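The residues making up each chain are set out below.
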Amino acid sequence: MWKTYVKQAWVLLRQNPLFSTLYIVGTGLAIGMTMIVAMIYYVKLAPVYPEENRGRTLYLESAQFKNGQQTWQSALSYSALQDWALHFENAEVTSAEFSSWGLNDNAYIQPADRSGDFHPQMKMVDPAFFRVYAFRFLEGNPFTEADLQSGIRTAVISDDLARRLFGTVEGAVGKSFSLSYIHYRVCGVVQGGSYLTPRSYAQVYLPYTLAPNYRRSQSPDMFPYIGSYRLTFLVKDDAQARALKAEVKDVTRRLNLEHEGQWKMELWEQPRTHALSAFQDYPAQDFSFWAKVRYFGLMLLVLLLVPALNLMGMISSRMENRLAEMGVRKSFGADRGKLLGQVMWENLLLTLLGGLLGLIIAWLFIYVGREWVFTLLDDYPEAIPQGANAYVSGEMLFAPAVFGCALLLCVVLNMLSALVPAWLSLRKPIVNSLYERR
């Protein structure tokens, strides 16, 4: 039966090109805009390469210190790493990253072909960083703990940088390149990620002990634990994550008791989960789960309900024009259920075509505007640095969750826009419907 309905729907689609075009375009724009929002947050939250462990990753990025007169807020110092920050028991992996202002801006690579100096995206990390993030090594291996402790000038680089420097990935291990006129030896080449995964993205990964001031505290006399290190934890499951948070709170309480009268440390609700960090701009920011639910509910209402109401008006007008047809079919024995089923199948076909158009619109918009579209919903958007690779991978675009969301939106939009006017029109008596032929 449904095949008959689809054939009839296709004939009606060709007979009413203006209505069909408006319906498909309206549905496509509604679903396209909704899909863009869904894909933005999918890229921020989903386990995509190399951040495949996002669901088990937590971050401790900043701390606040007060002494009654001054308040400082910054990352942790090297002393904090040595004294307590790297010694939490409830974490499978703990990684420290050195991050200082202007780290990337002040670094230039001098290519051997003298094609011109350029900025690489750089991170100064420890070997545990490559256990937190699931990098695929195309050549070589990450630098070791011994390399970190001895400060050997070695580097892991991305495959796109290897091709730019050496023309190929093969054989890149063991070669050297000049970074700010200092030579570094390549120990490994990884499959590069995208700048859209900023926690892990870089083109050059160096041991943080190569930073000239990696041991320095920003205020050693007043606040010895203020510095430039951010921590990333990999936990086994949610239970271990809760245990880690409790352990961090216990360490905070102990340190505040030990230094009572000197300073007080505040870590808020850190370490934060990856999901929380995607919605909360900084750890000290007030965050309300229900406020976010209301925000996205309102957004979904605007993106879906308003177009659905417009389509409902169009379908209602169209049903008024088809009352005579429905009256004739009723007089020949067609019941209300069959007629309603036909109308729903007709609109479902149009909605599916609109959904396909919406997916194409979303994919094109995401691909063309990938350098700025992912910052649209950020409170403090930042421009993608020049030279950074902000590609959209296949797993970001062709995700099962996104396809399922698109299909659900198609069905919901169809039901909202077609069911009510069709039901109201088909309730009219046969006599009234037949008189519409006049």
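See above for the structure.
Definitions and limits used
Residues numbered from 1 in each chain as written. Predicted model: local features only at pLDDT ≥ 70, side-chain atom pairs only at ≥ 80, totals over all residues. Heavy atoms only, no water. Helix = DSSP H or I, 4+ residues; strand = E, 2+ residues; numbered from the N terminus. Buried < 20%, exposed > 50% of the residue type's maximum accessible area, 1.4 Å probe, protein only. Contact = heavy atoms within 4.5 Å. Phe/Tyr/Trp six-rings, centres within 6.5 Å; stacked < 30°, edge-to-face > 60°. Salt bridge = Lys/Arg side-chain N within 4 Å of Asp/Glu carboxyl O. Pairing = 2+ DSSP bridges. Expected span 1.5 Å × (residues − 1). Polar contact = N/O pair within 3.5 Å; in protein donor to acceptor, adjacent residues only side chain to side chain. Core = buried A, V, L, I, M, F, W, Y, C linked by side-chain atoms within 4.5 Å.

Before going further, it helps to examine the overall build of the protein. Scanning the protein for helices and strands turns up 14 helices and 15 strands. Within the protein, the proportion of its 438 residues that are buried is 48%. Long-range contacts, defined here as pairs at least 24 residues apart, represent 77% of the contacts in the protein between residues at least 6 apart.

Moving on to the packing of aromatic side chains. Under the criterion given, the structure shown has 30 aromatic pairs. Taking 6.2 Å as the distance between ring centres and 80° as the angle between the ring planes, the aromatic pair formed by W84 and F88 counts as edge-to-face. Plain terms: the ring middles of F129 and F130 are 5.5 Å apart, the flat faces sit at 85° to each other, and that makes the pair edge-to-face. Each member of the pair F129 and F130 is classed as buried.

On to the pattern of salt bridges. The final tally for this structure, using the stated rule, is 11 salt bridges. With its nearest N and O atoms 2.4 Å apart, the salt bridge here joins E61 to R199. With E61 in the loop between strand 1 (57-60) and strand 2 (63-66) and R199 in the loop between strand 10 (182-190) and strand 11 (204-207), this residue pair connects regions lying 138 residues apart in the sequence. Judged by relative accessible area, E61 falls into the buried class, the value being 13%. With its nearest N and O atoms 2.4 Å apart, the salt bridge here joins E61 to R272. Note that E61 is positioned in the loop between strand 1 and strand 2 and R272 in strand 15 (residues 272-273), a separation of 211 residues in sequence. An identical accessibility class is assigned to E61 and R272; each is buried.

As defined by bridge partners, strand 5 (residues 109-110) adjoins strand 9 (residues 176-179) across 2 bridges and the pair is classed as antiparallel. What sits directly across from Q110, in strand 9, is S178. Looking at chain direction, strand 9 and strand 10 are connected through 4 bridges and run antiparallel. Pairing of S176 across the sheet is with R185, part of strand 10. As consecutive antiparallel partners, strand 9 and strand 10 are separated by 2 residues, and within that stretch S180 has a phi angle of approximately 55°, a positive value.

What follows is about helix 7 (residues 238-258). For helix 7, spanning 21 residues, the distance from its first C-alpha to its last is 30 Å, which sits close to the expected 30 Å at 1.5 Å a residue. When we look at burial in helix 7, the residues that qualify are Q240, A241, L244, E247, V248, V251, T252, L255 and N256. Measuring from the side-chain oxygen of the N-cap residue of helix 7 to the backbone nitrogen of A239 gives 3.2 Å; that N-cap residue is D237.

Further remarks concern the environment of A390. By the element assignment, A390 lies in the loop between helix 11 (336-368) and helix 12 (394-397). Distance in space between the C-alpha atoms of A390 and E371 is 6.3 Å, their sequence separation being 19 residues. In contact with A390, other than residues within four places in its own chain, are S194, Y195, L196, R370, E371 and I384.

Formed by 54 residues in total, the largest nonpolar core has its most connected members in W84, I157, F177, V204, L206 and Y208. Membership of the second largest hydrophobic core comes to 31 residues, among which are Y23, I36, L311 and L359.

What follows covers helix 3 (residues 78-85). Three or four residues apart is the spacing at which side chains of an α-helix point the same way, because the helix has 3.6 residues per turn. For helix 3, every residue scored as buried is listed here: Y78, A80, L81, W84 and A85. Close packing links the buried residues of helix 3 with strand 3 (71-76), strand 4 (93-98), strand 13 (229-234), helix 7 and strand 14 (264-266).

Moving on, we get to the environment of A30. Relative to the helices and strands, A30 is located in helix 2 (residues 17-45). Relative accessible area serves as the criterion here: at 4%, A30 is assigned to the buried category. A sequence separation of 272 residues divides A30 from V302, and the C-alpha atoms of the two residues are 9.2 Å apart. Leaving out residues up to four positions away in the same chain, A30 has contacts with L303 and P307.

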